[in-house]
Amino acid sequence: MSLLDYEKRFSTLRVNRGAANKSPHKVAMLQAVMDLVESGEVANNRFYFDDNLRSHFTKRFQELASPSDRNNPHLPYFHLRSEGFWHLKVRPGQHESYAQLTTATSPGVIDAHIDHAFLEDELFELMGNQIGRELLRSALLVNLDDTSIRELLKPKRGGWDWLECEFLVNDYVKMLEKELAGAKYNKSAHRRALQPRLNGRSERSIEDKHQNVSAVLLELGLPYIPGYKPYFNYQKQLKSVVLSYLAGHQKLVAHLHVVADTVAEEPEYYDRGWDSVFESGTSRAHP
């Protein structure tokens, strides 16, 4: 399966629906699994129902849970099997008993029947890729209630929200593609067209954020728009949006890597002026 196939499956999880909210348990468990992969704590596609997994689950669960939700990691650990990409390795001699189970009533049921859980190999490999992992994390949020999504996407201490960043990144890439193709475009016209889709942002604020995108692309080893000199004090959320966008546009990523390789081999072809990139303006904070 492709990354986008898994993205669709992550965004349509079968979650329990209570009186007011959707259960966050499966979302929290998959986030915990990705945390373990990202940190390198799991490198062999085996997820044991141990204290480490439960600790990561609890951290993620507390970020998502409503007052009526209960911290029961054994439930998503068992029921994720219904999604098709999460598999349970049954302990020797327990297959008959396991076949009779319709749920895990306690952690003891998991300990008695399951040695470990594992993902489809392709999905495990995708989780090891930063771009893939960030796209899958974003997809998981779709399973939550609209009010929960808005609250989760709201940046700390104010600033640009997720959707604003998406609009801006999409606009930046359109200009970058024109830049690489040698086509004419007007940065000011792009900013003015983008402005109504944002939350009252000034043209200067939009320009600053475009420069933040340049910084993200530079860190990823990808070409950026020379007219938007990189500013590195960007929101962590902005980088997640860039990674998510790139994950959904693999042909563009491949093209950007070709351009980056060309630049590396022929530096005179596309002189970025590296010394001028790291100027005093990079210390400015951009909300």
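The structure presented is a predicted model; accordingly, all values stated were derived computationally and were not measured.

Focus on the overall build of the protein
Scanning the protein from terminus to terminus reveals 15 helices and 2 strands. With 287 residues in all, the protein has 47% of them scored as buried. Summarising the internal contacts of the protein: among those between residues at least 6 apart in sequence, 70% fall at separations of at least 24.

A word on the pattern of salt bridges
Scanning the model with the defined rule gives 14 salt bridges in all. Among the ionic pairs, Lys26 bridges to Glu83, the shortest N-O distance being 2.7 Å. Taken as a pair, Lys26 in helix H2 (residues 25–39) and Glu83 in the loop between helix H4 (74–79) and strand S1 (86–90) lie far apart in primary sequence, 57 residues in all. Overall, the relative accessible area of 9% leaves Glu83 in the buried class.

Re the packing of aromatic side chains
Tallying each qualifying case throughout the model produces 8 aromatic pairs. Considering the side-chain rings of Phe49 and Tyr77, the 5.0 Å spacing of their centres and the 55° angle between planes classify their relative orientation as tilted. Note that Phe49 is positioned in the loop between H2 and helix H3 (51–64) and Tyr77 in helix H4, a separation of 28 residues in sequence. Comparing Phe49 with Tyr77, the two get one shared label, buried. Plain terms: the ring middles of Tyr172 and Tyr228 are 6.2 Å apart, the flat faces sit at 35° to each other, and that makes the pair tilted. Placement of Tyr172 in helix H10 (residues 162–181) and of Tyr228 in the loop between helix H12 (203–219) and helix H13 (236–247) is noted, with a sequence separation of 56 residues between them. Tyr228 gets classed as buried once you look at its relative accessible area, which sits at 0%. Three or more aromatic residues joined by ring pairs form one cluster here, namely Phe47, Phe49, Tyr77, Trp86 and Phe124. Between the NZ or CZ atom of Arg54 and the centre of the ring of Phe49, over which it lies, the distance is 4.8 Å. A cation over an aromatic ring shows up here: Lys187 above the ring of Tyr228, its NZ or CZ 5.8 Å from the ring centre.

Considering unusual backbone geometry
Of note, Asn45 is a non-glycine position whose phi angle comes to about 60°, a positive value. Examined against the element boundaries, Asn45 turns out to sit in the loop between H2 and H3.

Some points on the packing of H10 against H12
It is the contact of H10 with H12, at a shortest axis distance of 10 Å, that shows an interaxial angle of 70°. As judged from the angle between their axes, H10 and H12 are roughly perpendicular. The segment H10 lies against H12, with Leu168, Val169, Asp171, Tyr172, Met175 and Leu176 engaging Ile206, Lys209, His210, Val213, Ser214 and Leu217. Each residue belonging to the contact of H10 with H12 can be placed in one class, and the counts come to 8 nonpolar, 2 polar and 2 charged.

Focus on the nonpolar core
Among the nonpolar cores identified, the biggest contains 44 residues, and Phe10, Phe47, Tyr77, Phe85, Trp86, Leu119 and Met127 are the most heavily contacted of them. With 9 residues, H2 is the single largest residue contributor to this core. The next biggest cluster of nonpolar side chains, apart from the first, holds 31 residues, and it includes Trp162, Val213, Leu222 and Val242.

The rules behind the values
- Residues numbered from 1 in each chain as written.
- Predicted model: local features only at pLDDT ≥ 70, side-chain atom pairs only at ≥ 80, totals over all residues.
- Heavy atoms only, no water.
- Helix = DSSP H or I, 4+ residues; strand = E, 2+ residues; numbered from the N terminus.
- Buried < 20%, exposed > 50% of the residue type's maximum accessible area, 1.4 Å probe, protein only.
- Contact = heavy atoms within 4.5 Å.
- Salt bridge = Lys/Arg side-chain N within 4 Å of Asp/Glu carboxyl O.
- Phe/Tyr/Trp six-rings, centres within 6.5 Å; stacked < 30°, edge-to-face > 60°.
- Lys NZ or Arg CZ within 6 Å of the ring centre and 35° of its normal.
- Axes fitted to C-alpha atoms, helices over the stretch in contact; angles between N-to-C directions.
- Parallel < 35°, antiparallel > 145°, perpendicular 65-115°, else oblique.
- Nonpolar A, V, L, I, M, F, W, Y, C, P; charged D, E, K, R; others polar.
- Core = buried A, V, L, I, M, F, W, Y, C linked by side-chain atoms within 4.5 Å.

Note that every value here comes from positions in space, so none of it alone points to a role or purpose.
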